Amino acid sequence: MMPSTQDWINDPLGVVEGMFAASQNNPNSGWEAKAVEFFKDHLKEKDAHAWVPSLNDVPLHYLKPNSLVKFRCLIQDMFDPEFYMGVYEAVDPATKAKVLRCGKYKDVTECGVDFNSRNTVTAERQTFYCVPIPGESPWVKESYAGSSQARVVPSTSYAPTRQKRSYEEDEDDMDTQPQKQREPHAGPQVPSEHHGNGDCKRRETEAPSSQAAPASHLDLNFPLPGEKGPSCLLKVYEDRDGFKLNDTVEVFGILSVSPALSALADEKDASSSLLDPADGMETAEEQRVHSPPASLVPRLHMLYAKPLAHNNPLLPAAAAAALEDNSAFLSSTLSEMAAVRAELLTYFTHILLGDALAAEYLILHLISNVYTRRDVLPLGKFTLNLSGCPTVSSYTERFYQIIQQLVPSSYYLGMTLQNMNQMRLVPKKDYVANRLVSGALQLARNTSLFLDESQLEQGQLDTTGVRNVTALGNLISWQKVDYDFNYHQMEFPCNINVLIASEGRSLLPSDCRIHLQSQVAPPDMDEYLGSIRMHPQASQLNKFRMYLSVARLLDYSISDEVTKSVEDDFVDMRKDDPQSISAEDLHRMLVVARLLSLSLGQTSLSRDCWLRAKHVEMLRRSRMEQHKCVNGNEP
């Protein structure tokens, strides 16, 4: 049962200050840990997290300042630690007596602070710059927003209308007042339509972004062009080392949107021009990035955060941490997985123009996941190159839209020459503003990246183009992106499902290639695709969405007995024809067998699954051999 008074949501600072005041008589009370535990315990109560409003789906001006809010986000950048007054002495306006106050979870102190007091305690906190999860699908956003039980009303408590406007209105404002808001931008301007093709173009021009607009007074630094949503500065007090760049987390914290923050930044900006730049620690550029207006980039003082293993709202909340903790959900889901898989296979066979073998491999690709690394080798990845894709009827764009309806996060990258030569895929450190400028490959784990190589035309890749193609190759082969720190590169591991749609063999590496065998004549393509577009019902779609997420989260093992059987098989296969199967082929078969087992809801490899994996691999390889004979000139 929720507390009848929702004080801990509406006034969390009151709870914190009450605990601080009670601790004054007992210095060893450990009140800070108790305060964090208090909120953690309340959030564990049934449906309690649904009562907390979310920055992801409630406009900022509807949220009460200093209330408890949550934010589902990716850690995009990490700023330097900052000092703040953990405890300070102030004069009580009513009694004129000096009282100790708590400065934790606040940006601005009240008036009457005695800066010379011996009782002042300076503490340190870490700031992270967080953005909404890049490429999060519309169905995910809608589902999270629909399950919220938070009651919010437009806030009138901080009066200046300028402060109450949402980030989207403000971005529009930037377009209408270029002289007032825009700053000169060093470097090439990239028109937003370069970033995608077909339907994706529309999505990508909806909002200015770090790549689609000149660096304005405020650049929200989203990894993907055209993203919407608030970014936020997250202030972390406890367990600061527990957060890494590119982690996806759901944060519960105290919202700080004080207009004073913007005023302070403007004041500092004005005064810094009068001083010798060497006197100040921050450049004007850095000041702009690290202290943006709170009405656009709110501050969130963290009380509690949980890492997100996935962002699928259809799974029970407990499954976000570990499926094993939710045995009832797990057993009912596993028992249905084979049946759902059969339905999904039929659906994908329709989409892949009647090709059931390609549909089989598409399922395996969508549930693949890097489950561990051996030295530099990522195990579990399964990049699929689907060659033979038709170039008529915008087939690849339609195919992507179907995948986007099924996975929680995805991104379509049309590999046009213009995109390859002009997009920023790899994040780069800007030492002047002291921030990491985002790139399109700064993605959350398990994002589906759809590379449309059928868009590639003849022409010359320039230096940026070569660098971008190399970055995509490294991502596929090693599941890592080398961020550009000017004087050196820094390796960031990732876990991204890459699907390459191409006409011929892809110029990029892949773990598995299958050539599409269409059963549909090109003239009938439009009519055929139109008929399958809206085929699944919402309930059917939700089954598929849950199935793909659960299969990816399952644990897997191989018994000694089956391992021995696999080894014997490998020896037998090589006995007949040593050239017929290499160690690489065996590795691929084992990956296929693993994914095949998980796709059927089986968490350990059975002899049957191994034989089935061998069979589908044999079918795929014989198809590729036939294709090679017909198209002898293709590698």
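See the structure printed just above.
Here the structure is a predicted model, which means the values were calculated and not measured.

Asks: Is there a simple way to think about helix α20 (residues 583-599) in this case?
Replies: Owing to its 3.6 residues per turn, the α-helix brings residues three or four apart onto one side. Along its 17 residues, α20 runs 24 Å from first to last C-alpha, staying within 8% of the 24 Å computed at 1.5 Å per residue. α20 sits mainly inside the fold: 13 of its 17 residues count as buried. Within two residues after α20, Gly601 carries a phi angle of roughly 80°, on the positive side.

Asks: Sorry, what's going on with the nonpolar core here?
Replies: One broad rule of soluble globular proteins: the nonpolar side chains tend to lie buried together. Leu344, Phe348, Leu352, Tyr361, Tyr395 and Phe399 are the most contacted members of the largest nonpolar core, which totals 68 residues. Broken down by element, this core gets its largest block of residues, 9 residues, from helix α12 (residues 327-351). With residues up to four places along the chain from it excluded, the contact list for Phe348 reads Ala359, Leu362, Ile363, Leu366 and Leu406. The next biggest cluster of nonpolar side chains, apart from the first, holds 50 residues, and it includes Leu60, Val251, Ile476 and Tyr483.

Asks: Explanation requested: helix α21 (residues 607-630) in the structure shown.
Replies: For α21, with 24 residues, the first-to-last C-alpha span of 35 Å sits near the 34 Å given by 1.5 Å per residue. Listed as buried for α21 are Cys609, Trp610, Ala613, Val616, Glu617, Arg620, Arg623, Met624 and His627. Among the structural elements, α13 (356-366), β18 (512-515), α19 (560-576) and α20 are those in contact with the buried residues of α21.

Asks: Even after reading the chapter, I still don't get empty space enclosed by the protein, so can you show me in this structure?
Replies: Where empty space is left in the structure can be found by rolling a water-sized probe over the atoms. Taken as a whole and judged by the stated rule, the model has 3 cavities of 30 Å³ or more. The volume enclosed by the second largest cavity comes to roughly 40 Å³. In terms of residue class, the lining of the second largest cavity is built from 4 nonpolar, 7 polar and 1 charged.

Asks: Looking at this model, I keep getting lost on unusual backbone geometry. Mind explaining?
Replies: Positive phi is not limited to glycine here, since Asn246 has a value of about 75°. Positive phi values are uncommon outside glycine, yet Asn446 reaches one of about 65°. With respect to the helices, strands and loops of the structure, Asn446 is situated in the loop between β13 (435-437) and β14 (448-452).

Asks: Help me understand the pairing of strand β15 (residues 480-484) in this model?
Replies: Of all 5 residues in β15, 5 are buried; the element is thus mostly enclosed. What you see with β15 is no split at all: Lys480, Asp482 and Asp484 on one side and Val481 and Tyr483 on the other are buried throughout.

What counts as what
- Residues numbered from 1 in each chain as written.
- Predicted model: local features only at pLDDT ≥ 70, side-chain atom pairs only at ≥ 80, totals over all residues.
- Heavy atoms only, no water.
- Helix = DSSP H or I, 4+ residues; strand = E, 2+ residues; numbered from the N terminus.
- Expected span 1.5 Å × (residues − 1).
- Buried < 20%, exposed > 50% of the residue type's maximum accessible area, 1.4 Å probe, protein only.
- Core = buried A, V, L, I, M, F, W, Y, C linked by side-chain atoms within 4.5 Å.
- Contact = heavy atoms within 4.5 Å.
- 1 Å grid on protein atoms, 1.4 Å probe; cavity = no way out; pocket = protein on both sides within 12 Å on 5 of 7 lines; lining within 4 Å.
- Points joined across faces, edges and corners; volume = space filled by probe spheres on them.
- Nonpolar A, V, L, I, M, F, W, Y, C, P; charged D, E, K, R; others polar.

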